[in-house]
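One letter stands for each residue in the lines below.
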Number of protein chains: 2
Amino acid sequence: MTSRLEALCMEKGLKMTGQRRVISQVLSEADDHPDVEEVHRRAVQIDPRISIATVYRTMRLLEDAQVIERVDLGDGRARYEEATADHHHHLIDTRTGRIIEFASPELEAMKERIAHELGYKIVGHRLEIYGVPLDDAADGIRDEEERP
Amino acid sequence: MTSRLEALCMEKGLKMTGQRRVISQVLSEADDHPDVEEVHRRAVQIDPRISIATVYRTMRLLEDAQVIERVDLGDGRARYEEATADHHHHLIDTRTGRIIEFASPELEAMKERIAHELGYKIVGHRLEIYGVPLDDAADGIRDEEERP
DNA sequence: TCTGGGATTGCGAACGGTTTTCAGTATGAT
DNA sequence: ATCATACTGAAAACCGTTCGCAATCCCAGA
Ligand SMILES: [Mn+2]
Ligand SMILES: [Mn+2]
Ligand SMILES: [Zn+2]
Ligand SMILES: [Zn+2]
């Protein structure tokens, strides 16, 4: 069965190899923000003859083709998600690692306004929020030190 | 002459070695966002017997002591600036690499509100804007592809 | 369907930024 | 000044990522 991303790749005229099909499937089924090793782990379960190097190469290919997007969550590695029409940002729960997605047109507008006032046109931006659940914070649960 | 940061370090009770004094001086005099190699380059000009390893160690020490702050501008390396009372963000000119600092209480408030609505208390956040000068953009100067 | 040749793969080595190990040295409390 | 302790330089290890190369695969064209 051909996955959503596989169809997209074919539209873009990318040569479809077995490895790319599997990686496309993995990414199509993912509803989180896996890093390269995680994608590889999932891919190998479908077809064991996929090397990590190929996953790296394919992620870059798909990113360049705008099929997926790279997400930088502040841990040292690149994470990815399917490219979507609607732009959003991430709130990372520093206690659990849970990632909450959010969008804010007001915030985007404000950012746009700020750049314009400085004499700039925005070509890209990055925003992540790190937080802890309000109730946990109220309970006074000790905050283990984490570099966000 | 004892630099601003050196004084701060002594207040915090850090052992003051010759190397730390020099690095503190370099950072006190910097008005940009140097990476570790740049700090080392400047430090060596004051005292050639400072190793890059010590600069790495000292930057981390000063960061942990909240004397300096790490800035992630999206190029692969850590950049630093003196910790200041007033929080700010960075707009990076993707054509020249120039960095413009800005602050926006409204934006901070909005971010705070968003997190609160999601049930979270903010413990950290990151925001960078990448842009090109408005007039350059109007002139239609070709945008060389850069990964921001 | 068969084929040729350029694209892709797996492997391991290389890379760039950063951390660590370890033996020698400097610091600062006494 | 002494001495335990913390710090340093140099080199090796580390970690995520990219690269070089020979072997293999895909698929447009016959
Ligand atoms: Mn997302
Ligand atoms: Mn700054
Ligand atoms: Zn945005
Ligand atoms: Zn802020």
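Every chain begins its residue count from 1, and numbering advances along the sequence as written. Chain labels run from A onward and ligand labels from 1 onward, assigned in the order the entries are written. Reporting in this predicted model follows two pLDDT cut-offs: at least 70 for local features of residues, and 80 or more for side-chain atom pairs to be given and counted; totals over whole chains, interfaces and linings ignore these cut-offs and use all residues. Note: side-chain values were computed over all heavy atoms of the structure, leaving out hydrogens and water.

**Q** Account for the overall build of chain A, with residues named and values stated.
**A** Secondary structure counts use DSSP, requiring at least four H or I residues in a row for a helix and at least two E residues in a row for a strand, with both numbered from the N terminus. Regarding its fold elements, chain A presents 6 helices and 5 strands. Secondary structure elements of chain A occur, N-terminal to C-terminal, as α-α-α-α-β-β-β-β-α-β-α. For the C-alpha atoms alone, the extent of chain A along its principal axes is close to 50 × 45 × 25 Å. Burial statistics for chain A: of 148 residues in total, 43% are counted as buried. Counted over contacts in chain A with a minimum sequence separation of 6, partners at least 24 positions apart contribute 47%. Note on areas: these come from Shrake-Rupley sampling with a 1.4 Å probe, and a residue is covered only by the protein chains present in the view. Put simply, chain A shows about 8,500 Å² of open surface, and 49% of that area lies on carbon and sulfur atoms. Each residue is assigned to one of three classes by its accessible area relative to the maximum for its type, calculated with a 1.4 Å probe on protein chains only: buried under 20%, partly exposed between the two thresholds, exposed over 50%. Here a residue-residue contact requires only that any non-hydrogen atoms of the pair lie within 4.5 Å.

**Q** An account of unusual backbone geometry is needed here, citing residue identities and associated values.
**A** All names here are of chain A. For Gln-66, which is not glycine, the phi torsion reads 65° and is therefore positive. Structurally, Gln-66 can be placed in the loop between α4 (52-64) and β1 (68-71). Residue classification places Gln-66 among the exposed residues on the basis of a relative accessible area of 61%.

**Q** Describe in detail the protein's contact with DNA strand D, supporting the description with residues and values.
**A** We call a residue near a molecule or strand whenever a single non-hydrogen atom of that residue lies within 4 Å of it. Around DNA strand D, the structure places 20 residues, and the nearest of them are B:Thr17, B:Gln19, B:Arg49, B:Thr54 and B:Arg57. Each atom of DNA strand D within 4 Å of the protein was classed as base or backbone; sugar and phosphate made up 73%. Pairs of N or O atoms are called polar contacts if they sit within 3.5 Å, as long as, within protein, a hydrogen donor faces a hydrogen acceptor (for residues adjacent in sequence, only side-chain-to-side-chain pairs). Contacts to DNA strand D include B:Arg20, whose side-chain N or O atom sits 3.1 Å from a phosphate oxygen. The backbone of B:Arg49 places a nitrogen or oxygen atom 2.4 Å from a phosphate oxygen of DNA strand D. Per element, the largest residue contribution to the surface near DNA strand D is 4 residues, and it comes from α4(A). Here the surface near DNA strand D is built from residues that sort into 5 nonpolar, 6 polar and 9 charged. Under the convention adopted here, Pro, Cys and the residues Ala, Val, Leu, Ile, Met, Phe, Trp and Tyr are nonpolar, Asp, Glu, Lys and Arg are charged, and Gly plus all remaining residues are polar.

**Q** Would you mind going over the coordination of the manganese ion (ligand 2) in detail, with residue names and values included?
**A** All names here are of chain B. In this analysis a donor is any N, O or S atom within 2.8 Å of a metal ion (3.2 Å for sodium, potassium and calcium), and since water is not included, sites may seem incomplete. Donor atoms from the polypeptide that coordinate the manganese ion (ligand 2) comprise His-33 (NE2), Glu-81 (OE), His-88 (NE2), His-90 (NE2) and Glu-101 (OE), at 2.0 to 2.3 Å from the metal. As a motif over one chain, the donors of the manganese ion (ligand 2) read H-x47-E-x6-H-x1-H-x10-E. Taken together, the positions of His-33 in the loop between α2 (18-29) and α3 (36-46) and His-88 in the loop between β2 (79-82) and β3 (89-93) put the pair 55 residues apart, joining distant regions of the chain. As far as burial versus exposure is concerned, His-33 and His-88 are alike and both buried.

**Q** So what's going on with the coordination of the zinc ion (ligand 4)? Residues and values would help.
**A** Listed as protein donors to the zinc ion (ligand 4) are B:His87 (NE2), B:His89 (NE2), B:Glu108 (OE), B:Glu108 (OE) and B:His125 (NE2); their distances from the metal cover 1.9 to 2.5 Å. What makes B:Glu108 buried here is its relative accessible area of 14%.

**Q** So what about the protein's contact with DNA strand C? Which residues, and what values?
**A** In the region of DNA strand C, 21 residues are neighbours, and A:Gln19, A:Arg49, A:Thr54, A:Arg57 and B:Ala78 sit closest. Per the 4 Å cut-off to the protein, sugar and phosphate atoms form 75% of the nearby atoms of DNA strand C. Within the backbone of B:Ala78, an N or O atom sits 2.8 Å from a phosphate oxygen of DNA strand C. Where the surface near DNA strand C is concerned, the elements lending two or more residues are α2 (18-29) and α4 of chain A together with α4 (52-64) of chain B. Among the elements that make up the surface near DNA strand C, the one with the highest residue count is α4(B) (4 residues). Broken down by class, the residue content of the surface near DNA strand C amounts to 6 nonpolar, 6 polar and 9 charged.

**Q** Quick rundown of the domain arrangement of chain A? Include the residues and the values.
**A** Residues and elements named next belong to chain A. In this document the domain limits rely on a domain assignment from an automatic tool or a database. Structurally, chain A comprises domain 1 (1-84) and domain 2 (86-148). Here domain 1 and domain 2 have C-alpha centroids that lie 25 Å from each other. Listed per partner, the contact involves 7 residues of domain 1 and 10 residues of domain 2. Summed over both sides, the interface between domain 1 and domain 2 buries roughly 690 Å², with carbon and sulfur atoms accounting for 48% of that surface. What counts as a salt bridge is simple: a side-chain nitrogen of Lys or Arg found within 4 Å of a carboxyl oxygen of Asp or Glu. Linking domain 1 to domain 2 there are 1 salt bridge. Across the salt bridge formed by Asp-72 and Arg-126, the nearest N and O atoms sit 2.7 Å from each other. Counting every contact that joins domain 1 to domain 2 gives 6 residue pairs in polar contact (both at pLDDT 80 or more). Put simply, buried area is how much 1.4 Å-probe accessible surface two parts lose in total, over both of them, once they are put together.

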